[in-house]
Amino acid sequence: MHSLSNRSKVVVNKEMTLKERMYLPAIFGGMMITIKHFFKRKPTIQYPEQKREFSKVYRGRHILKRDEQGRENCTACGLCAVACPAEAISIVAAERKKGEEHLYREEKYAKTYEINMLRCIFCGLCEEACPKDAVYLTEELAPANFDRSNFIFGKDKLVQPVGTSAHPKTYKPYKK
Ligand code: SF4
Ligand code: SF4
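Starting from 1, residues in each chain are numbered consecutively following that chain's sequence as written. Whichever chain is written first is A, and whichever ligand is written first is 1; the rest continue in order. The predicted origin of the model limits local features to residues at a pLDDT of at least 70 and limits the giving and counting of side-chain atom pairs to 80 or more, whereas totals for whole chains, interfaces and linings rest on all residues. Only hydrogens and water are set aside; all other atoms, that is, all heavy atoms of the structure, feed into the side-chain values.

### Points about the overall build of the chain
Inference 1: Every helix listed is a DSSP run of H or I at least four residues long, and every strand listed is a run of E at least two residues long, numbered separately from the N terminus. Helix and strand content of the chain: five helices and five strands.
Inference 2: Counted from the first residue to the last, the chain has its helices and strands arranged as α-α-β-α-β-β-α-β-β-α.
Inference 3: Taken over C-alpha atoms, the radius of gyration comes to 27 Å for the chain, far larger than the 16 Å a tight globule of 176 residues would show.
Inference 4: The dimensions of the chain, computed from C-alpha atoms along their principal axes, are 90 × 45 × 30 Å.
Inference 5: Here a residue-residue contact requires only that any non-hydrogen atoms of the pair lie within 4.5 Å. Considering only residue pairs separated by 6 or more positions, the chain has 69% of its internal contacts joining residues 24 or more positions apart.
Inference 6: Calculation of accessible area relied on Shrake-Rupley with a 1.4 Å probe; when residues are assessed, cover is drawn exclusively from the protein chains displayed. Counting only carbon and sulfur atoms, one obtains 57% of the accessible surface of the chain, whose full area is about 13600 Å².
Inference 7: One finds the centroid of the 32 positive side-chain charges in the chain at a distance of 9 Å from the centroid of its 21 negative side-chain charges. The reference for a compact globule is 2.2 Å times residues^0.38; the radius of gyration itself is calculated from the C-alpha atoms. Residues counted as positive are Lys and Arg, residues counted as negative are Asp and Glu, and His and the chain ends are not counted. A charged residue contributes its charge at one atom only: NZ of Lys, CZ of Arg, CG of Asp or CD of Glu.

Written out as structure tokens, the structure reads:
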């Protein structure tokens with residue numbers, strides 16, 4: 001018989017030995033494995049009471065950062081949306097008006113900025129593509145929800161709240 005992996009085994013329907021027919025040694029062996037696991041340290045984490053220590057490179061939900069003067073960094077260039085392999089980002093750009101210099105750092109800003117969190121694979125390519133240090137993946141988990149429409153994160157959920165740190169260790173996400 002031709003085999004690609006050479007791992008195929010010919011099954012032989014051989015007679016069972018007395019030991020195999022008694023079943024008790026096999027049951028005893030199975031019980032030993034169960035008892036061994038009973039005394040092992042449990043890998044299950046009782047979330048949300050217990051929280052897992054994340055890796056240093058863990059990528060969670062996004063924020064749109066503000067600069068040190070509280071202005072939105074994003075200039076709606078669309079590079080993050082182009083870089084996104086999941087096509088999860090959609091942006092509508094607008095021009096900054098006179099008197100809005102304290103709100104937006106650049107002359108163009110994102111009037112709407114949406115991320116479909118059901119599409120996002122948290123690859124971080126949007127963060128890497130951004131030339132304005134605007135989009136950033138924090139260590140926060142994207143919260144669960146029962147309604148699919150609540151997974152479209154707009155600016156209300158994404159923009160860094162005024163006066164907060166964008167550092168992943170200390171960042172507190174916007175809460176409705
Ligand atoms: S993390 Fe990846 S998949 Fe998610 S929005 Fe950014 S580029 Fe797209
Ligand atoms: S987040 Fe960055 S890459 Fe995306 S539109 Fe804004 S400035 Fe451009």
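### Description of the site of ligand 1
Inference 1: Contacts to ligand 1 come from 13 residues, most closely from C84, C120, C123, G124 and C126.
Inference 2: Classification convention: Asp, Glu, Lys, Arg as charged; Ala, Val, Leu, Ile, Met, Phe, Trp, Tyr, Cys, Pro as nonpolar; all other residues, Gly among them, as polar. Classifying every residue of the shell around ligand 1 by side-chain character gives 11 nonpolar, two polar and no charged. Nearness is judged by heavy atoms alone; a residue qualifies as near a molecule or strand once a single heavy atom is within 4 Å of it.

### Here we look at the site of ligand 2
Inference 1: Taken together, the neighbourhood of ligand 2 is formed by 14 residues, with C74, C77, G78, C80 and C130 sitting nearest.
Inference 2: A molecule is said to occupy a pocket when more than half its atoms come within 2 Å of that pocket's grid points, and by this definition ligand 2 occupies the second largest cavity.
Inference 3: Residues that form the shell around ligand 2 fall into these classes: 11 nonpolar, two polar and one charged. Space inside and on the surface of the protein is sampled on a 1 Å grid over the protein atoms alone, with a cavity defined as a set of points where a 1.4 Å probe fits but cannot get out and a pocket as an open set with protein on both sides within 12 Å along at least 5 of 7 lines; lining residues have an atom within 4 Å of a point. Just a note on the criterion: a molecule sits in a pocket or cavity if more than half of its atoms are within 2 Å of the grid points.

### What to know about empty space enclosed by the protein
Inference 1: Grid points are joined across faces, edges and corners, and a volume is the space filled by probe spheres set on the points. Following the criterion strictly, the structure yields two cavities of 30 Å³ or more and no others.
Inference 2: In terms of lining, the largest cavity is formed by 15 residues, of which the most central are H62, C84, C120, C123 and C126.
Inference 3: Across the lining of the largest cavity, the residue classes break down as 13 nonpolar, two polar and no charged.
Inference 4: If you add up the space inside the second largest cavity, you get close to 60 Å³.
Inference 5: Across the lining of the second largest cavity, the residue classes break down as nine nonpolar, two polar and one charged.

### A few points about the pairing of strand β3 (residues 108–116)
Inference 1: A pair of strands is treated as paired once DSSP finds two or more bridges between them. Judged from the seven bridges that link them, strand β2 (residues 89–95) and β3 form a sheet pairing that is antiparallel. Counterpart to A93 in the pairing with β3 is A110.

### Digging into the pattern of salt bridges
Inference 1: Note on definitions: salt bridges are taken to be side-chain nitrogens of Lys or Arg within 4 Å of carboxyl oxygens of Asp or Glu. Under the criterion given, the structure shown has six salt bridges.
Inference 2: In this structure, R71 and D67 form a salt bridge, with 2.9 Å as the shortest nitrogen-oxygen distance. In terms of burial, R71 and D67 fall into one category: buried.
Inference 3: A salt bridge links K155 to E72; the shortest N-O distance between them is 2.7 Å. On the criterion of sequence distance, the pair formed by K155 in helix α5 (residues 155–158) and E72 in the loop between β1 (62–64) and α3 (79–83) is long-range, its members being 83 residues apart. Of the two residues examined, K155 and E72, each falls in the buried class.
Inference 4: Through salt bridges with shared partners, a single ionic network connects R105, E106 and K132. Note on classification: 1.4 Å probe, protein chains only; a residue is buried when its accessible area is under 20% of the maximum for its type, exposed when over 50%, partly exposed between these limits.

### Here's the deal with the sheet that holds β3
In a beta sheet, neighbouring strands pair by backbone hydrogen bonds and run either parallel or antiparallel.
Inference 1: Here we have three strands laid out as an open sheet, ordered β2-β3-β5, and antiparallel in their pairing. Pairing within the sheet leaves two strands with one partner each, and these edge strands are β2 and β5 (152–153).
Inference 2: Pairing geometry for β3 and β5, over two bridges, is antiparallel. Bridging from a neighbouring strand, I115 pairs with F153 of β5.

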